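Structural overview for review
Given next are the chains, with one letter for each unit.
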Amino acid sequence: MTDTLEPPDEHLVSLSKDGNLDAFNSLVDRYQSLVFTVCYRRLGERTAAEDAAQEAFLSAYRALGQFKGGSFRSWLLRIALNQTRDELRRRMRRVPTRPFDAGDPDDPAIDPPDPAADPAAALEARSLSDALERALAQLPPDQRDVVLLADVHGLQYDEIVAATGVSMGTVKSRLSRGRERLRQLLARHPELFPRSGRLHDRGDA
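Residues numbered from 1 in each chain as written. Predicted model: local features only at pLDDT ≥ 70, side-chain atom pairs only at ≥ 80, totals over all residues. Heavy atoms only, no water.

Considering the overall build of the chain
What the chain contains, in helices and strands, is eight helices and zero strands. In sequence order, the secondary structure elements of the chain are arranged as α-α-α-α-α-α-α-α. Relative to its 205 residues, the chain shows a buried fraction of 40%. For the chain, the accessible area works out to roughly 11,800 Å², and carbon and sulfur atoms hold 52% of it. (Helix = DSSP H or I, 4+ residues; strand = E, 2+ residues; numbered from the N terminus. Buried < 20%, exposed > 50% of the residue type's maximum accessible area, 1.4 Å probe, protein only. Areas by Shrake-Rupley, 256 points an atom, 1.4 Å probe, with all protein chains shown as cover.)

Laid out in structure tokens, this is it:
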């Protein structure tokens, strides 16, 4: 959530449409981490993700006149997802690529352990986070997208619909199947859940 004292997206978009580059740079600052993360989890390579994120912002700036309102964040993410799809198609035309690699030690996992926590708790948190990364990497891309957007980045259903370009029913279906698949994959490692013993779906309602 952005600081309530900061100008809303709508105001910055309006200024950007009038040629105010500082306003658009404020939008870049606001969403660059989110856009990079989405691109990275799609492409699995830092350099490729950085390039895709940069191109997504450039494309968004050039297409600002086509933005007719609604969630700017969702509109921007849709551009970013399209950019990663284009990159993946280019890769397939060149050479086979390695699968998504969630083990880059320079990239943070979904929930990095608190460095102030005790060593045992930190190790447990890191093990769970690593397992979750590996499980996410095994989801079909369409399911992984909606799980990440909903459960990691906190987008609402209508925002995910706008970002992915699919129907509400499809979003809910993919999210339900993705969560169920994650539970199945993580259930193979019960030692990671000493307290609860299992994962529970928080529901789609």
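A look at the packing of aromatic side chains
Note on aromatic pairs: each is described by the distance of the centres and the angle between the planes. Tallied over the full model, the rule gives six aromatic pairs. Where Phe36 meets Tyr40, the ring centres are 6.0 Å apart and the plane angle is 25°; that geometry is what we call stacked. Taken together, the positions of Phe36 and Tyr40, both in helix α2 (residues 21-43) and four residues apart, correspond to about one turn of that helix. Since its relative accessible area comes to 10%, Tyr40 is described here as buried. Aromatic pair Phe67 and Trp75: ring centres 5.1 Å apart, planes at 45°, arrangement tilted. Phe67 sits in the buried class, given a relative accessible area of 7%. For Trp75, a relative accessible area of 19% puts it in the buried group. (Phe/Tyr/Trp six-rings, centres within 6.5 Å; stacked < 30°, edge-to-face > 60°.)

Looking at the packing of helix α3 (residues 46-62) against helix α4 (residues 72-94)
Contact pair α3 / α4: the axes reach a minimum separation of 9 Å and the direction vectors enclose 130°. The angle between α3 and α4 places the two elements in the oblique class. In the packing of α3 onto α4, the handedness of the crossing is right-handed. Residues Ala48, Ala52, Glu55, Ala56, Phe57, Ser59 and Ala60 of α3 form the contact with α4, whose own contacting residues are Trp75, Leu76, Ile79, Ala80, Gln83, Thr84 and Arg91. (Axes fitted to C-alpha atoms, helices over the stretch in contact; angles between N-to-C directions. Parallel < 35°, antiparallel > 145°, perpendicular 65-115°, else oblique. Left-handed = near helix turned anticlockwise from the far one by under 90°. Contact = heavy atoms within 4.5 Å.)

Here's the deal with the packing of helix α7 (residues 157-164) against helix α8 (residues 168-186)
Here α7 crosses α8 at 100°, and the two axes come no closer than 9 Å. When the axis of α7 is compared with that of α8, the two are roughly perpendicular. Counted together, Tyr157, Asp158, Ile160, Val161 and Thr164 of α7 and Met168, Val171, Lys172 and Leu175 of α8 form the full contact between these two elements. Looking at side-chain class alone, the contact of α7 with α8 contains six nonpolar, one polar and two charged residues. (Nonpolar A, V, L, I, M, F, W, Y, C, P; charged D, E, K, R; others polar.)

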